[in-house]
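Analysis of the macromolecular model
The lines below spell out each chain.
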Amino acid sequence: MDGKIGFIGLGSLGANLAGSLLRNGADLSVSDLDAARVGAFVARGAHEGHDPATVTERCDTVITCLPSPAASDAVVRAMLPAMGPGKTWIEMSTTDAAEVRRLAALVTRRGGRAVECPVSGGCHRAATGNISIFAGGERDSVDHVMPLLAVLGRRVLHTGPIGTASTLKVMTNYLATANLLSLCEALVTMKAAGLDMATTYEAIRISSGSSFVHETESRLILSGSRDVNFTLDLVQKDIGLFQRIAEAHGVPLELSPEIIRIVTDAQARLGVAAQSDRVIERLEAATGLEVLAEGFPRALVDDEPEAPGYEVVPPGRAATGAPRPEAPSAHPARPSAPPDPAEV
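Quick summary incoming for the structure in this document. All figures in this text were calculated on a predicted structure; none of them were measured in a lab.

A few words on the overall build of the chain. When its secondary structure is counted, the chain shows 13 helices and 10 strands. By the compact-globule yardstick of 20 Å for 344 residues, the chain fits well, its C-alpha radius of gyration being 20 Å. Taken over the C-alpha atoms alone, the chain extends approximately 65 × 50 × 45 Å along its principal axes. Buried residues in the chain amount to 50% of all 344 residues. Taking all contacts inside the chain whose residues are at least 6 apart in sequence as the whole, residues at least 24 apart take part in 71%. Surface summary for the chain: the accessible area is close to 14,900 Å², and the carbon and sulfur share equals 56%. Across the chain, the centroid of the 31 positively charged side chains sits 3 Å from that of the 41 negatively charged ones.

Right, dumping it as structure tokens:
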């Protein structure tokens with residue numbers, strides 16, 4: 001993790017990712033529209049980056065983690081005058097594939113490198129460096145940033161050229177949303193049928209019905225916390241991007257339009273930026289039921305020990321002439337340090 005690193009965008013996800021860099025000794029400059037967020041990082045040893053241009057001038061690698069394609073466009077355009085040979089831009093936002101390709105072209109025309117690295121696994125895993133990372137870009141560019149990615153995340157998948165990582169990330173968020181909505185229906189239906197909610201949770205967890213979403217968001221639903229640190233406006237952005245991908249390729253989706261309708265209705269009832277796991281409250285209101293249980297946490301904590309990140313290799317990839325062993329020793333380990341608590 002050599003060189004000076006800049007991080008722009010200290011929201012729920014970005015702050016946790018930047019925190020992993022700072023915890024592991026990075027020479028880090030940070031920038032955000034919220035001065036209080038910047039101040040908190042400066043108090044922990046980061047440099048104040050002021051604005052995207054200043055961060056880019058000072059740093060060898062600049063990471064952006066922003067809430068929308070429009071925000072990424074504005075920040076990258078502000079970075080461009082300071083971008084050039086020896087500089088690398090890593091986009092960690094969940095965004096549109098065509099847009100990230102367009103912005104990457106602007107960076108490379110200035111002589112810089114561009115890699116897209118959206119993440120998956122939740123803010124609690126971002127905080128401990130155990131999140132999964134999709135890396136899209138030229139192989140040499142991905143290799144160039146791999147030591148940094150091994151600090152930010154646990155499992156890194158090179159997805160192909162710029163744009164492929166964003167496309168796959170949108171798909172995973174669509175699947176997570178579909179899973180959340182089906183879990184809400186399952187939990188409310190079991191409550192209506194008189195089943196114990198803790199027993200219902202365990203029945204799902206130990207069965208073919210289990211999933212990452214169940215073992216995280218269902219726990220927050222049952223505790224009553226319903227604060228997964230991911231809001232309905234972000235859900236709507238992601239499922240809308242997935243729908244547009246399908247439409248662009250002539251895929252006549254059936255579930256996706258209904259999911260968009262449900263999320264739109266939830267926003268109207270609960271608020272545009274309500275926490276996504278509150279979507280169960282639509283069904284609670286319709287049935288007069290409360291889906292709660294004792295013994296469930298009000299915040300998610302990642303209890304997987306922090307360890308060096310490594311590259312995940314798709315089946316058959318090594319046989320095609322591009323072997324990348326899936327092993328913790330495949331790339332340099334990050335310095336050992338006690339993980340920060342990962343609360344969402």
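The subject of this paragraph is the environment of Gly-129. Along the polypeptide, Gly-129 turns up in the loop between α6 (123–127) and β8 (131–136). Judged by its relative accessible area of 0%, Gly-129 is buried. In the structure, Gly-129 is positioned 93 residues away from Ala-36 in sequence and 23 Å away in space, judged by C-alpha atoms.

Backbone geometry follows two general trends: most residues other than glycine have a negative phi, and most peptide bonds adopt the trans configuration. With a phi angle near 50°, Arg-226 is a residue other than glycine that sits in the positive phi range. One can find Arg-226 in the loop between α10 (212–223) and α11 (232–248). The exposure class of Arg-226 is buried, given its relative accessible area of 7%. You will see that Asn-229, though not glycine, has its phi angle at about 65°, which is positive. If you trace the backbone, Asn-229 turns up in the loop between α10 and α11.

Our next topic: the pairing of β8. Burial of β8 is extensive: 5 of the 6 residues sit out of reach of the surface. Sheet topology note: the β8/strand β9 (residues 153–160) ladder contains 6 bridges and is parallel. Each bridged residue has a counterpart across the sheet, and for Gly-136 the counterpart in β9 is Gly-160. Regarding the hand of the β-α-β motif, the stretch spanning β8, helix α7 (residues 139–152) and β9 is right-handed.

Running from amino to carboxyl end, helix α8 (residues 164–192) crosses helix α9 (residues 197–205) at an angle of 135°, the nearest separation of the two axes being 10 Å. One finds that α8 runs oblique with respect to α9. Crossing of α8 against α9: the hand is right-handed. Together, Leu-183, Leu-187, Met-190 and Lys-191 of α8 and Met-197, Thr-200 and Ile-204 of α9 make up the contact between the two elements. A per-class count over the contact of α8 with α9 returns 5 nonpolar, 1 polar and 1 charged.

Summed over the entire model, instances satisfying the criterion amount to 21 salt bridges. Note that Arg-282 is salt-bridged to Asp-265, the shortest N-O span being 2.7 Å. Highlighted residues: Arg-282 in helix α13 (residues 281–287) and Asp-265 in helix α12 (residues 255–270), separated in sequence by 17 residues. Residue Arg-282 is classed as buried on the basis of its relative accessible area of 18%. Arg-278 is the partner of Glu-281 in a salt bridge, and the nearest nitrogen-oxygen pair spans 3.0 Å. Members of the salt-bridge network, linked through shared partners, are Arg-125, Arg-154, Arg-155, Asp-302 and Glu-304.

Cut-off values and rules
Think of each chain on its own: its residues are numbered from 1, step by step along the sequence as written. The model is predicted, so local features are restricted to residues of pLDDT at least 70 and side-chain atom pairs to those at 80 or more, both for listing and for counting; the totals for chains, interfaces and linings are taken over all residues. Each side-chain value is worked out from all heavy atoms of the structure, with water and hydrogens disregarded. Numbering of helices and strands runs from the N terminus, with a helix taken as a DSSP run of H or I at least four residues long and a strand as a DSSP run of E at least two residues long. What the globule rule says is 2.2 Å times the number of residues to the power 0.38, and the radius of gyration is computed from C-alpha atoms. Exposure is judged per residue with a 1.4 Å probe applied to protein chains only, and the accessible area is read against the type maximum: over 50% gives exposed, under 20% gives buried, and values in between give partly exposed. The contact definition used throughout considers only heavy atoms, calling two residues in contact when any of these lie within 4.5 Å. The protein chains shown are the only cover counted for residues, whose accessible areas, like all others here, come from Shrake-Rupley with a 1.4 Å probe. Lys and Arg are tallied as positive, Asp and Glu as negative. Neither His nor the chain termini are counted. By convention, charge coordinates are those of NZ in Lys, CZ in Arg, CG in Asp, or CD in Glu. Strand pairing is assigned whenever DSSP identifies at least 2 bridges connecting the two strands. The handedness rule is simple: strands pointing away from the viewer, and a clockwise path from the first strand over the helix to the second, make the crossover right-handed. With axes taken as lines fitted to C-alpha atoms, and helix axes fitted only over the stretch in contact, angles between N-to-C directions fall between 0 and 180 degrees. Relative orientations are named as follows: roughly parallel for angles under 35 degrees, roughly antiparallel for angles over 145 degrees, roughly perpendicular for angles from 65 to 115 degrees, and oblique for any other angle. We call a crossing left-handed when the near helix sits turned anticlockwise from the far one by less than a right angle, and right-handed when that turn is clockwise. Residues are sorted three ways: Asp, Glu, Lys and Arg are charged, Ala, Val, Leu, Ile, Met, Phe, Trp, Tyr, Cys and Pro are nonpolar, and all the rest, Gly among them, are polar. The working definition used for a salt bridge is a side-chain nitrogen of Lys or Arg within 4 Å of a carboxyl oxygen of Asp or Glu.

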